[in-house]
Amino acid sequence: MRNYTDHHGLSGIAVRPIMALLTVLTLWVSSLLCPPTLAQQKMIEGSVLSEQQRIIHVLNRLGFGPRPGDVASVKRMGLENYIEQQLHPERLSDEAAEAKLKNLTTLALTTAELYAKYPNPAE
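Remember, predicted model here, so these are calculated numbers, not experimental data.

Thresholds, definitions, all that
- Sequence order as written defines the numbering, with residues in each chain counted from 1.
- Where totals are concerned, whole chains, interfaces and linings use all residues; where local detail is concerned, this predicted model gives features only for residues with pLDDT of at least 70, and gives and counts side-chain atom pairs only at 80 or more.
- Where side-chain values are given, they derive from all heavy atoms of the structure, hydrogens and water being excluded.
- The salt bridge definition used is simple: a Lys or Arg side-chain nitrogen within 4 Å of an Asp or Glu carboxyl oxygen.
- A run of H or I in DSSP counts as a helix once it spans at least four residues, and a run of E counts as a strand once it spans at least two, with each numbered from the N terminus.
- Only protein chains enter the area calculation, which uses a 1.4 Å probe; residues under 20% of their type maximum are buried, those over 50% are exposed, and those in between are partly exposed.
- Axis lines are fitted to C-alpha atoms, over the contacting stretch for helices. Their N-to-C directions set the angle, which ranges from 0 to 180 degrees.
- The scheme is simple: roughly parallel for angles under 35 degrees, roughly antiparallel for over 145, roughly perpendicular for 65 to 115, oblique for anything else.
- The criterion used for residue contact is that any of the two residues' heavy atoms lie within 4.5 Å.
- Gly falls in the polar group here, along with every residue not listed as nonpolar (Ala, Val, Leu, Ile, Met, Phe, Trp, Tyr, Cys, Pro) or charged (Asp, Glu, Lys, Arg).
- Joining through side-chain atoms within 4.5 Å is the link that ties buried Ala, Val, Leu, Ile, Met, Phe, Trp, Tyr and Cys residues into a set, and such a set is a nonpolar core.

Scanning the model with the defined rule gives three salt bridges in all. Note that R54 is salt-bridged to E80, the shortest N-O span being 3.8 Å. Placement of R54 in helix α3 (residues 51–62) and of E80 in helix α5 (residues 79–87) is noted, with a sequence separation of 26 residues between them. Accessibility expressed as a relative area gives 39% for R54, which makes it partly exposed. When its relative accessible area of 55% is taken as the criterion, E80 is described as exposed. Two residues, R67 and D70, come together in a salt bridge whose shortest N-O distance is 3.2 Å.

Between α3 and α5, the shortest axis-to-axis distance is 11 Å and the interhelical angle comes to 5°. With respect to their mutual orientation, α3 and α5 come out roughly parallel. Contacts between α3 and α5 involve R54, I55, V58, L59 and L62 from the former and L79, E80, Y82, I83 and Q86 from the latter. Residues that form the contact of α3 with α5 fall into these classes: seven nonpolar, one polar and two charged.

Our next topic: the nonpolar core. Listed in full, the seven residues of the largest apolar core are I55, V58, L59, V71, V74, L79 and Y82. Sorting the residues of this core by element identifies α3, α4 (70–77) and α5 as the ones contributing at least two each. At three residues, α3 tops the list of elements feeding residues into this core. Apart from the residues lying within four places of it in its own chain, the contact partners of L59 are F64, G65, P66, D70, V71, V74 and Y82.

Right under this line is the structure:
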């Protein structure tokens, strides 16, 4: 990486952190000096979501949107519990899926056993 020098003799690398700090300070000071307008404050206060809107929002963000019955299911278990469940899928019971897959014996075979039992037809 080249080290450019401006007309004051400061290197571009030394100026960057100073400029970044000045930018952050400027934004911070302007946010203190310019509080939200009354219209902006009403918009912020009016943005409180109902319980159903929050559930639909979470279902849209954590998945592919709500399916029939999902909103009622999340409402029964509680939104926080649903989010916790989504963050830890290893805690979910797989008994129903395992019962449906128990007759598929190929799932228990190793790769070598699969090749021996089901050879590649191209060979």
